[in-house]
Amino acid sequence: MIQSVNNKKIKEYAKLIQKKERDKTGLFLVEGEHMVKEAFNANALQELFILENIECPVQFNYETVTQQVLNKLSNQNSNSKMIGVCKKLSLTPIKEENILLLDNVQDPGNVGTILRTAHSFGIDSIYMSKGCADIYNPKTIQSSQGALFFIPVIQTDLIEEIKNLQSKDIEVYATALHDNHKDLQDIKPNKKYAILVGNEGQGVRKELIDLSDHIVKIEMETFESLNVAIAASICMYTFKYAKRDAINLDGVR
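Residues numbered from 1 in each chain as written. Predicted model: local features only at pLDDT ≥ 70, side-chain atom pairs only at ≥ 80, totals over all residues. Heavy atoms only, no water.

Caption draft 1: Expanded view of the sheet that holds strand E7 (residues 153-155). One open sheet holds the seven strands; their spatial order is E7-E6-E5-E10-E8-E11-E9, and the pairing between them is parallel. Pairing within the sheet leaves two strands with one partner each, and these edge strands are E7 and strand E9 (182-183). Along the sheet, helix H7 (residues 158-167) makes contact with strand E5 (98-102), strand E6 (125-128), strand E8 (171-175) and strand E10 (193-197), crossing E5 at roughly 160 degrees. (Pairing = 2+ DSSP bridges. Helix = DSSP H or I, 4+ residues; strand = E, 2+ residues; numbered from the N terminus. Contact = heavy atoms within 4.5 Å. Axes fitted to C-alpha atoms, helices over the stretch in contact; angles between N-to-C directions.)

Caption draft 2: Main features of the packing of aromatic side chains. According to the stated counting rule, one finds nine aromatic pairs in the structure shown. Ring centres 5.6 Å apart and planes at 65 degrees place the aromatic pair Phe121 and Tyr237 in the edge-to-face group. Of the two residues, Phe121 is situated in the loop between helix H5 (108-120) and E6 and Tyr237 in helix H9 (residues 228-252); the sequence distance between them amounts to 116 residues. The exposure class assigned to Tyr237 is partly exposed, which follows from its relative accessible area of 43%. One aromatic cluster is present, built from ring pairs that chain together Phe28, Tyr136, Phe149 and Phe150. (Phe/Tyr/Trp six-rings, centres within 6.5 Å; stacked < 30°, edge-to-face > 60°. Buried < 20%, exposed > 50% of the residue type's maximum accessible area, 1.4 Å probe, protein only.)

Caption draft 3: How the structure looks around the sheet that holds strand E3 (residues 63-65). A sheet is described by the order of its strands in space; here four strands give the open sequence E1-E4-E2-E3, paired in mixed fashion. At either margin of the open sheet sits one strand with a lone partner, and together these are strand E1 (27-31) and E3. The sheet shows a mean angle of 25 degrees between the axes of neighbouring strands, direction not considered. The pairing of strand E2 (residues 45-51) with E3 spans three bridges and is parallel. Bridge assignment links Ile50 to a residue of E3, and that residue is Thr64.

Caption draft 4: The arrangement of the layout of surface pockets in detail. Taken as a whole, the largest pocket encloses approximately 450 Å³ of empty space. Contributing to the lining of the largest pocket are 22 residues, with Thr175, Ala176, Leu177, Gly203 and Ser225 lying nearest its centre. Every element with two or more residues in the lining of the largest pocket is listed here: strand E11 (214-217) and H9. Tallying contributions element by element places H9 first for the lining of the largest pocket, with three residues. In terms of residue class, the lining of the largest pocket is built from 12 nonpolar, seven polar and three charged. Its volume calculated, the second largest pocket comes out at about 310 Å³. Asp134, Ile135, Tyr136, Val153 and Gln155 are, among the 19 residues lining the second largest pocket, the residues nearest its centre. Residue assignment for the lining of the second largest pocket shows that the elements contributing at least two residues are helix H2 (19-25) and E7. Of all the elements, E7 adds the most residues to the lining of the second largest pocket, at three residues. (1 Å grid on protein atoms, 1.4 Å probe; cavity = no way out; pocket = protein on both sides within 12 Å on 5 of 7 lines; lining within 4 Å. Points joined across faces, edges and corners; volume = space filled by probe spheres on them. Nonpolar A, V, L, I, M, F, W, Y, C, P; charged D, E, K, R; others polar.)

Caption draft 5: Representation of the nonpolar core in the model. In this structure, Val30, Leu100, Leu102, Ile126 and Phe149 are the most contacted members of the largest nonpolar core, which totals 48 residues. With seven residues, the top contributor of residues to this core is H9. The contacts of Ile126, once residues within four sequence positions are left out, are Leu100, Leu102, Leu115, Ala118, Ile151, Pro152, Val153 and Ile154. Listed in part, the 16 residues of the second largest apolar core include Ile99, Leu158, Ala174 and Ile209. (Core = buried A, V, L, I, M, F, W, Y, C linked by side-chain atoms within 4.5 Å.)

Caption draft 6: Focus on H5. With 13 residues, H5 ought to run about 18 Å at 1.5 Å a step, and its terminal C-alpha atoms sit 18 Å apart, in line with that. Among the residues of H5, those classed as buried are Pro108, Gly109, Asn110, Val111, Gly112, Ile114, Leu115, Thr117 and Ala118. Its side-chain oxygen 2.9 Å from the backbone nitrogen of Gly109, Asp107 forms the N-cap of H5. A positive phi of about 80 degrees marks Gly122, the residue just after H5. (Expected span 1.5 Å × (residues − 1). Polar contact = N/O pair within 3.5 Å; in protein donor to acceptor, adjacent residues only side chain to side chain.)

See below:
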């Protein structure tokens, strides 16, 4: 059992709470049974620390530690029961028909929620601008509920990526409060599409809106805008079933 918070290994892994250390080592931490299971299933789990007298949920060699040691590694307010050290995965898109673009979404909780919803609604890959929150931020990881292990997330220049997608006949739909918009319910997406959502306060950058093929607005009765994670979720759900209906209609014809 590791009992000291000054244990060399624990002190090194505690640094992974900082982004620069995660970038340097290619490692990050996950907390709780669910996240440990997801990391194990994704073959990302490298080491595992479990509180004494707690059963290990996966077939994996682990080290027993005290609560003080887990608290040293934890970024949460409540006491963790287990923490895993994971390697960053380089996931490659298998196909790219349903894509999500994130422009400077800065809140880690929003990014994590978007990842979770994207994985649930069949998004093939996510492209993020460099101004987005780190997907390995502890808050992002917890909000994603393990989705980051299974959906490719690529940080890139969105201007160049939009041009690249359009060269592959993938239409880009920017979400914006704009005069030249289409209501979300009127959207009839092609077989390949990309949804673009933007920063919590500023929305999608004008240069990206200008590059997009369509501008989409979520119809609302009172407020003009929604939290970006909620807006992205509504769009992903609507696009998913609008595309399905369009394909079914073509089949009937």
